[in-house]
Amino acid sequence: MQNEKKCNFCGKEAEYDGKTKFGPWAYMCKICFMKNGIGLGLGRGQKLKKEGKEND
Ligand SMILES: [Zn+2]
């Protein structure tokens, strides 16, 4: 099993782990990250690794 993360807001597959505009960090899917995240970068958020294409 992968350790699949779920979006803390809507329960879908999370794509980001980041700080929300509310303060605490959360796992977020893309949509919730756009709505609730404060961006990517050090101290803000990161994209979760997904198996497959995206290697970085
Ligand atoms: Zn979501």
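Just so you know, these numbers come straight off a predicted model, no measurement behind them.

Cut-off values and rules
- Residues numbered from 1 in each chain as written.
- Predicted model: local features only at pLDDT ≥ 70, side-chain atom pairs only at ≥ 80, totals over all residues.
- Heavy atoms only, no water.
- Helix = DSSP H or I, 4+ residues; strand = E, 2+ residues; numbered from the N terminus.
- Buried < 20%, exposed > 50% of the residue type's maximum accessible area, 1.4 Å probe, protein only.
- Areas by Shrake-Rupley, 256 points an atom, 1.4 Å probe, with all protein chains shown as cover.
- Pairing = 2+ DSSP bridges.
- Axes fitted to C-alpha atoms, helices over the stretch in contact; angles between N-to-C directions.
- Donors = N, O, S within 2.8 Å, 3.2 Å for Na, K, Ca; no water.
- Tetrahedral: all angles 85-135°; square planar, octahedral: opposite > 155°, others 65-115°.

Give me the lowdown on the overall build of the protein, citing residues and values where you can.
Along its length, the protein carries 1 helix and 3 strands. In the protein, the succession of α and β elements from N to C terminus is β-β-α-β. For the protein, the proportion of its 56 residues judged to be buried stands at 29%. Within the structure as shown, the protein displays about 4300 Å² of accessible surface, and the carbon and sulfur contribution to it stands at 53%.

Can you break down the sheet that holds strand E2 (residues 25-28) residue by residue, with the values?
With antiparallel pairing, the 3 strands of this open sheet are ordered in space as E2-E1-E3. Strands with a single pairing partner mark the edges of an open sheet, and in this sheet they are E2 and strand E3 (45-47). For this sheet, the mean inter-axis angle between neighbouring strands, taken without regard to orientation, is 20°. Of the strand pairs in this sheet, strand E1 (residues 16-19) and E2 are connected by 4 bridges, and their pairing is antiparallel. Bridge pairing in E2 links Asp17 to Tyr27.

Break down the pairing of E1 for me, citing the residues and quoting the values.
Hairpin connection, E1 to E2: the antiparallel pair is bridged by 5 residues, and Gly23 has positive phi, about 120°. As judged from the 3 bridges shared by E1 and E3, these two strands associate in the antiparallel manner. In the strand pairing of E3, Asp17 is matched with Gln46.

So what about the coordination of the zinc ion? Which residues, and what values?
Ligation of the zinc ion by protein atoms is provided by Cys7 (SG), Cys10 (SG), Cys29 (SG) and Cys32 (SG), these donors lying 2.3 Å from the ion. Taken together, the 4 donor atoms coordinating the zinc ion and their angles of 103 to 121° define a geometry best described as tetrahedral. As a motif over one chain, the donors of the zinc ion read C-x2-C-x18-C-x2-C. Each of the two residues, Cys29 as well as Cys32, counts as buried.

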